[in-house]
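# An overview of the molecular structure
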Amino acid sequence: MSESSQPDQGGFPRRDAQGRVVALGDLLGVSLAGMVIGLLALLLLDWGFATVGVGDFGRANGWLAIILPAWLYWEDFRAWEFGAARVVAALAAAALAVVGGLLVAGLADGLPPMVSGGLAATAFTVVYAVVWFPGVHWLARRTG
């Protein structure tokens, strides 16, 4: 049996034989862990730049922390068969996640860009996962 056709090997997030994440909790957990890692890396880079005098600390855009969760979402998107279900679910999730992130960024307007952007990126991450996961499963069942 080839490696690509073997079922779940006990990794996290748990995946099915096609490579799709099998539980919403796994998707949320890994994407939020990616957010924390992204924010910590951004904090470290911003501190380093502020230390050498390139800029002020806290002025980096917190939205950059979305990179690791977006990568996870892209991999899950690719694992689904080509079809309308994955495209519609991804577009709906992305649209709602961007709106949610922008709303949070607007509410956190007076905070430094790293904080307001980090909060917005976190909102984006949660909204995308909560819309994408049930949406793609429901649409895949409906469209066959």
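Refer to the structure above for everything that follows.
Being a predicted model, the structure only gives us computed values, none of them experimental.

### Quick look at the nonpolar core
As a rule of thumb, nonpolar side chains are buried together in soluble globular proteins. Formed by 23 residues in total, the largest nonpolar core has its most connected members in L27, Y128 and W132. Breaking this core down by element, the ones donating at least two residues are α1 (24-51), α2 (67-79), α3 (84-107) and α4 (113-143). With eight residues, α4 is the single largest residue contributor to this core.

### Side note on the environment of G118
The topology assignment puts G118 in helix α4. G118 sits in the buried class, given a relative accessible area of 5%.

### Digging into the packing of α3 against α4
Close contact between α3 and α4 brings their axes to 7 Å; oriented N to C, the two are set at 155°. By the angle between their axes, α3 is roughly antiparallel relative to α4. Taken as a pair, α3 and α4 cross one another with a handedness that is right-handed.

### Side note on α2
Spacing of three or four residues puts side chains on the same side of an α-helix, whose turn is 3.6 residues. A rise of 1.5 Å per residue sets the reference length of α2, with its 13 residues, at 18 Å; its end C-alpha atoms lie 19 Å apart and thus fit the reference within 8%. Buried within α2 are the following residues: P69, L72, Y73, D76, F77 and A79. Looking down the long axis of α2, one finds its buried residues gathered within 160° of arc, a one-sided arrangement. Facing away from the buried side of α2 by more than 90 degrees, the exposed set consists of I67 and W71. Considering only its buried residues, α2 is in contact with α1, α3 and α4.

### Observations concerning the packing of aromatic side chains
Overall, the coordinates contain six aromatic pairs when judged by the stated rule. Note on F124 and Y128: the rings are 6.1 Å apart at their centroids and 25° apart in plane angle, and the pair reads as stacked. Taken as a pair, F124 and Y128 lie in helix α4 at a separation of four residues, close to a single helical turn. What makes Y128 buried here is its relative accessible area of 7%. By the ring-pair criterion, three or more aromatic residues cluster together here, those being W63, Y73, W74, F77, F124, Y128 and W132. The positively charged end of R20 is found above the aromatic ring belonging to W80, 4.3 Å away from the centroid. Just above the ring of F77 sits the side chain of R86; from NZ or CZ to the centre is 4.2 Å.

### Focus on the packing of α2 against α4
In a packed pair of helices, the relevant descriptors are the angle between the two axes and the axis-to-axis distance. Contact pair α2 / α4: the axes reach a minimum separation of 11 Å and the direction vectors enclose 15°. In terms of orientation, α2 and α4 fall into the roughly parallel class. Crossing handedness for the pair α2 and α4: left-handed. Here P69, Y73, D76 and F77 of α2 lie close against α4, whose contacting residues are T125, Y128, A129 and W132. Considering only residue class, the contact of α2 with α4 consists of six nonpolar, one polar and one charged.

### What about the environment of Y128?
It is 31 Å that separates the C-alpha atoms of Y128 and D56, two residues lying 72 residues apart in sequence. Contact partners of Y128, with chain neighbours within four places excluded, come to Y73, A90, A93, A94 and A97.

Cut-offs applied
- Residues numbered from 1 in each chain as written.
- Predicted model: local features only at pLDDT ≥ 70, side-chain atom pairs only at ≥ 80, totals over all residues.
- Heavy atoms only, no water.
- Core = buried A, V, L, I, M, F, W, Y, C linked by side-chain atoms within 4.5 Å.
- Buried < 20%, exposed > 50% of the residue type's maximum accessible area, 1.4 Å probe, protein only.
- Helix = DSSP H or I, 4+ residues; strand = E, 2+ residues; numbered from the N terminus.
- Axes fitted to C-alpha atoms, helices over the stretch in contact; angles between N-to-C directions.
- Parallel < 35°, antiparallel > 145°, perpendicular 65-115°, else oblique.
- Left-handed = near helix turned anticlockwise from the far one by under 90°.
- Expected span 1.5 Å × (residues − 1).
- Arc of directions from axis to C-beta.
- Contact = heavy atoms within 4.5 Å.
- Phe/Tyr/Trp six-rings, centres within 6.5 Å; stacked < 30°, edge-to-face > 60°.
- Lys NZ or Arg CZ within 6 Å of the ring centre and 35° of its normal.
- Nonpolar A, V, L, I, M, F, W, Y, C, P; charged D, E, K, R; others polar.

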